[in-house]
Amino acid sequence: PTRRSSDLDRVRIWIGSCALADSVAPSTTASTSALPNAAGWNNGDVTVNLIAADDAIGSGVSEITYSATGAQPIPSTTVSGSLASFTITGQGETSITYFARDNAGNTETAHSLTIKLDTQSPNISCGTADGLWHATDVSIACTASDTVSGLSSGLDASFSLSTSIIAGTETANASTNSRTVCDLAYNCANAGAVNGNRIDKKAPTITVTAPTASNYVLNQAVTVHFSCADAGSGIASCTGSSPDGGNLNTSTAGLHTFVTNANDNVGNTAAQVSVDYNVGYNVVALFDQTKAARSGSTIPIKIRLVDANGANVSSPAITVHAISILQVSSQSSSVLQDAGDANPDFDFRYDSSLGGYIFNLKTAGYGTGHYLLNFVTDGSPTLYSVGFQIRL
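Remember, it's a predicted structure, so these values are computed and weren't measured experimentally.

A. Region of the structure containing the overall build of the chain. Helix and strand counts for the chain stand at one helix and 30 strands. Computed over its C-alpha atoms, the radius of gyration of the chain comes to 54 Å, more than 25% above the 21 Å expected for a compact globule of 392 residues. The principal-axis extents of the C-alpha atoms in the chain amount to approximately 185 × 40 × 25 Å. The 392 residues of the chain split such that 35% are buried. Restricting the contact set of the chain to residue pairs at least 6 apart, pairs at least 24 apart contribute 60%. A total accessible area of about 20100 Å² is found for the chain, and carbon and sulfur atoms account for 51% of it. When the 17 positive and 30 negative side-chain charges of the chain are each reduced to one mean point, those points stand 9 Å apart.

Below you can see the structure in the form of structure tokens.
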């Protein structure tokens with residue numbers, strides 16, 4: 001059937017009215033220029049981008065409104081259109097609220113977004129070298145803190161850095177190890193190394209120039225010379241059996257040991273240095289060694305023991321013992337023979353009238369030549385000799 005014009009007009013009016021109606025609010029999506037780490041923190045400025053959209057048959061986005069509280073307060077801000085962008089630079093947590101409104105006046109429910117930002121490294125404080133010498137490795141106390149995101153490890157709040165110097169060395173500039181400390185936003189800082197620590201793990205050295213391992217004469221004047229050195233903490237004590245510059249003990253015959261000891265200022269002890277030396281006598285022959293005796297005769301070998309000053313120290317308390325005969329020309333030994341009971345066990349006899357000793361040497365079987373009679377004294381390893389000559 002044919003419709004009337006008025007009916008068509010009413011239909012057109014109804015359809016147009018439906019097309020212009022918009023009751024659906026727009027929707028806003030937020031994105032950021034950087035994603036947070038696993039702990040939820042960013043360590044660089046973050047740009048927030050807001051994009052609003054309306055239904056395809058809607059009235060279209062009119063504006064976006066956003067605000068923020070917390071680390072970076074932002075007053076309520078309205079931006080015309082469907083795009084808005086701003087940057088978060090405040091250290092800490094910033095809570096953002098945003099929503100959009102369309103041209104029909106529909107307003108979406110507000111959304112929220114939290115940005116956690118920390119661009120600063122942790123604060124670290126360590127002690128310094130104390131300027132003192134130490135016999136062992138030292139530890140330097142450190143503390144760390146982070147007032148924004150916090151430390152990634154609670155163990156970093158308080159710790160120590162230590163030197164590690166090998167044994168037997170010394171240095172005035174030992175360095176500690178170092179340590180990396182990070183916060184939850186992955187900002188990191190280094191603790192150490194702390195330099196200038198004085199560590200001395202090396203004992204002093206001792207040098208003895210006198211006495212030497214040799215023979216000295218009774219009452220000989222010998223000046224002691226020794227020194228101690230330490231390149232680290234320095235010498236605390238340096239001592240010897242006699243003081244440096246003092247007199248060596250040569251007051252008694254026999255074997256002696258001179259010892260020196262040293263310590264440094266942190267208690268390192270040097271290995272003791274010892275020098276063994278022998279104190280003996282000078283021998284004065286009381287017979288003419290240039291005159292030759294006939295082979296087979298008995299030669300009275302007369303001697304006297306004296307000190308370094310020539311003073312006679314012969315005494316019945318000192319035993320003088322003959323040990324061998326050496327023919328100088330051929331270096332061949334002859335059998336040592338004493339003359340009966342005058343020299344039992346090949347010991348010289350002390351003679352008070354002589355102020356010395358006598359050994360009656362039987363020369364039976366000795367050929368022509370120059371000989372040495374070798375002897376020792378008790379308490380001393382020194383070998384003494386006097387010469388005599390034999391002719392047929």
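B. Spotlight on the sheet that holds strand 15 (residues 197-200). The mixed open sheet is built from three strands, whose spatial order is 9-15-12. At either end of the open sheet lies a strand with only one pairing partner, and these are strand 9 (133-134) and strand 12 (170-174). Summarising the sheet, strand 9 and strand 15 pair through two bridges and their orientation is parallel. Opposite histidine 134, over in strand 15, you have isoleucine 199 as the bridge partner.

C. Local environment of the state of the cysteines. Tallying each qualifying case throughout the model produces three disulfides. The partner cysteine of cysteine 182 in its disulfide is cysteine 188, sulfur to sulfur 1.9 Å. Between cysteine 182 and cysteine 188, the disulfide has an S-S torsion of 100 degrees and is therefore right-handed. Paired by a disulfide, cysteine 228 and cysteine 238 hold their sulfur atoms 1.9 Å apart. Given an S-S torsion of about 70 degrees, the disulfide between cysteine 228 and cysteine 238 has right-handed geometry. Here cysteine 238 lies in strand 19 (residues 235-240) and cysteine 228 lies in strand 18 (residues 225-229), a separation of 10 residues in the sequence. Residue class for cysteine 228 comes out buried when judged on its relative accessible area of 17%. With its bonded cysteines labelled in order along the sequence, the chain shows the pairing 1-2, 3-4, 5-6.

D. Quick look at the packing of aromatic side chains. Tallying each qualifying case throughout the model produces 10 aromatic pairs. On the numbers, 5.3 Å between centres and 55 degrees between planes, the contact of phenylalanine 348 with phenylalanine 375 is tilted. Of this pair, phenylalanine 348 sits in the loop between strand 26 (332-334) and strand 27 (349-351) while phenylalanine 375 sits in strand 29 (residues 369-377), and the two are 27 residues apart along the sequence. Phenylalanine 348 sits in the buried class, given a relative accessible area of 7%. Judged by its relative accessible area of 0%, phenylalanine 375 is buried. Both rings, one in phenylalanine 375 and one in tyrosine 384, keep their centres 5.7 Å apart while their planes meet at 20 degrees; by these two values the pair is stacked. An aromatic cluster of three or more residues is present, and its members are Phe348, Phe359, Phe375 and Tyr384. Arginine 179 extends its terminal NZ or CZ atom over the ring of phenylalanine 159, reaching a point 4.4 Å from the ring centre.

E. A look at the nonpolar core. In terms of nonpolar packing, the biggest core is built from 32 residues, with Ile301, Ile303, Phe348, Leu373 and Phe388 touching the most fellow members. Listed by contribution, the elements that provide at least two residues to this core are strand 21 (273-280), strand 24 (298-306), strand 25 (320-327), strand 28 (356-362), strand 29 and strand 30 (384-391). Leave out the neighbours within four places in its chain, and phenylalanine 388 touches Phe287, Gln289, Ile299, Ile301, Ile325, Leu361, Tyr366, Gly369, His370, Tyr371, Leu372 and Leu373. Among the nonpolar cores identified, the runner-up in size contains 17 residues, and Val48, Leu50, Ile88 and Leu117 belong to it.

Scoring rules and cut-offs
- Residues numbered from 1 in each chain as written.
- Predicted model: local features only at pLDDT ≥ 70, side-chain atom pairs only at ≥ 80, totals over all residues.
- Heavy atoms only, no water.
- Helix = DSSP H or I, 4+ residues; strand = E, 2+ residues; numbered from the N terminus.
- Rg over C-alpha atoms; globule rule 2.2 N^0.38 Å.
- Buried < 20%, exposed > 50% of the residue type's maximum accessible area, 1.4 Å probe, protein only.
- Contact = heavy atoms within 4.5 Å.
- Areas by Shrake-Rupley, 256 points an atom, 1.4 Å probe, with all protein chains shown as cover.
- Lys, Arg positive; Asp, Glu negative; His and termini not counted.
- Charge placed at Lys NZ, Arg CZ, Asp CG, Glu CD.
- Pairing = 2+ DSSP bridges.
- Disulfide = S-S within 2.5 Å.
- Phe/Tyr/Trp six-rings, centres within 6.5 Å; stacked < 30°, edge-to-face > 60°.
- Lys NZ or Arg CZ within 6 Å of the ring centre and 35° of its normal.
- Core = buried A, V, L, I, M, F, W, Y, C linked by side-chain atoms within 4.5 Å.

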